[in-house]
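# A closer look at the structure
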Amino acid sequence: MTDTHSSHQDLRASVVEAARTLFANGVMSHTGHANLSARVDASTMLLTTGGQVRDLAPSGLALVGTDGTALEGQLDPVNAEIVHMHGEVYRAKPDVGGIIHTHSPALLAFALANRPLRCTYEAMVRFGQDSEVPVVPWAPRGSERSVGGILDAIAEHPRTEAVLLGNHGVLVFTDTVMRAALLLSALEEAAEAEMAAEGLGGARELPAGVLADVRAAMAAAK
Ligand SMILES: [Zn+2]
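This report concerns the structure included in the present document. (Residues numbered from 1 in each chain as written. Predicted model: local features only at pLDDT ≥ 70, side-chain atom pairs only at ≥ 80, totals over all residues. Heavy atoms only, no water.)

## Looking at the side chain of H86
Cut-off, in case you're wondering: The numbering of helices and of strands both runs from the N terminus, where a helix is a DSSP run of H or I of at least 4 residues and a strand a run of E of at least 2. Burial status follows relative accessibility: with a 1.4 Å probe on protein chains alone, a residue under 20% of its type maximum counts as buried, one over 50% as exposed, and anything between as partly exposed. Under the rule applied, a polar contact is a pair of N or O atoms within 3.5 Å (in protein, one hydrogen donor and one hydrogen acceptor; residues adjacent in sequence only if both atoms are side-chain atoms). It only takes one pair of heavy atoms within 4.5 Å for two residues to be counted as in contact.
Structurally, the position occupied by H86 is in helix α3 (residues 83–92). Exposure remark for H86: the relative accessible area of 0% places this residue in the buried category. Only 2.7 Å separates the side chain of H86 from the side chain of N35, close enough to count as a polar contact. Setting aside chain neighbours within four positions, we find H86 in contact with N35, L36, S37, M45, L47 and I99.

Here's what the structure looks like:
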């Protein structure tokens, strides 16, 4: 591993592109608050240094151990609190390569209501979420109780690639940080539409076996 300030340029570029995608897709909250990370190797990640990622630059990422050890670059104090939220998910899920946390407005509504987001929207499945997004009960951000709640939800819902953080926001974890941005965008659409559908009698469940059908259709389209 190189320890220069310009290390991991390709990975830095992918995190910047993922942040740009969140804004381009219109899924960010007014404050522009988010934190994004990408796995470097088994014990290291790149993590955004500040709590606001509008106009994120490659230099806006610090190299941090998944155990919270700072290796290169400096995290703002406010972000030092969320290192473990990212690091522990990488430690629990070796296949995860990218993690994004936002306060996306429609997902935030579900988080405030402490209501799981059902999987009723085909695009959720298409971008990898074929089950409901569970809610982790509120606890102070970055606290042991908060991170423990996230790990419990992941253990209880091994297929989920996202959790709602009760009274706080959402956390998405997938193979790459770019796919996390795309899944988060699909989840935000799903949350918006789920609320809109309430006025029309409520969203209907997808038929059983939809995942197999969507996968077959996607494989055929390649
Ligand atoms: Zn937050």
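There's more to say after this.
## Quick notes on the pairing of strand β8 (residues 169–174)
What counts, and what does not: Strand pairing is assigned whenever DSSP detects at least two bridges linking the two strands.
Most of β8 is tucked away, with 6 of its 6 residues classed as buried. What you see with β8 is no split at all: G169, L171 and F173 on one side and V170, V172 and T174 on the other are buried throughout. Looking at chain direction, strand β5 (residues 98–102) and β8 are connected through 5 bridges and run antiparallel. If you follow G98 over to β8, its bridge partner there is T174.

## What to know about the coordination of the zinc ion
Octahedral six-donor coordination of a metal ideally yields angles of 90 or 180 degrees, compared with 109.5 degrees for tetrahedral four-donor coordination. Quick note on the threshold: In this description, a donor is an N, O or S atom within 2.8 Å of the metal centre, a cutoff extended to 3.2 Å for sodium, potassium and calcium. Water is not part of the atom list, which can make sites seem incomplete.
Protein coordination at the zinc ion comes from H101 (NE2), H103 (NE2) and H168 (NE2), with a distance range of 2.1 Å. Counting gaps between the donor residues of the zinc ion yields the pattern H-x1-H-x64-H. We note that H101, like H103, is buried.

## Details of the pairing of strand β3 (residues 61–65)
Most of β3 sits out of view: 5 of its 5 residues are buried. Burial along β3 is two-sided: L61, L63 and G65 facing one way and A62 and V64 facing the other are all buried. Here 2 bridges tie β3 to strand β4 (residues 70–72), and the two strands are oriented antiparallel to one another. Within β4, the residue paired with V64 across the bridge is A70. Count of turn residues in the β3/β4 antiparallel hairpin: 4 residues, of which G68 carries a positive phi of about 100°.

## Quick look at the environment of A18
Note that A18 resides in helix α1 (residues 9–24). Note on A18: relative accessible area 0%, which makes it buried. For A18 and F110, which are 92 residues apart along the polypeptide, the C-alpha to C-alpha distance reads 23 Å. Apart from the residues lying within four places of it in its own chain, the contact partners of A18 are L36, V177, M178 and A181.

## Here's the deal with the sheet that holds strand β2 (residues 44–48)
Selection criterion: Helix axes use the C-alpha atoms of the stretch in contact, all axes being lines fitted to C-alpha atoms, and the angles between their N-to-C directions lie in the range 0 to 180 degrees.
Strand order in the open sheet made by the 8 strands is β4-β3-β2-β1-β5-β8-β7-β6, with mixed pairing throughout. In this open sheet, the two strands that pair with only one neighbour each are β4 and β6 (135–136). Across the sheet, α3 lies against β1 (34–41), β2, β3, β5, β7 (162–165) and β8, angled at about 40° from β1, the strand it touches most.

## Points about the side chain of R39
Turning to its location among the elements, R39 is positioned in strand β1. A polar side-chain atom of R39 sits 3.5 Å from the main-chain carbonyl oxygen of D41. Looking at R39, its side chain comes within polar contact range of the main-chain oxygen of P94, at 3.4 Å. Leaving out residues up to four positions away in the same chain, R39 has contacts with L11, T44, M45, Y90, K93, P94, V96 and G97.

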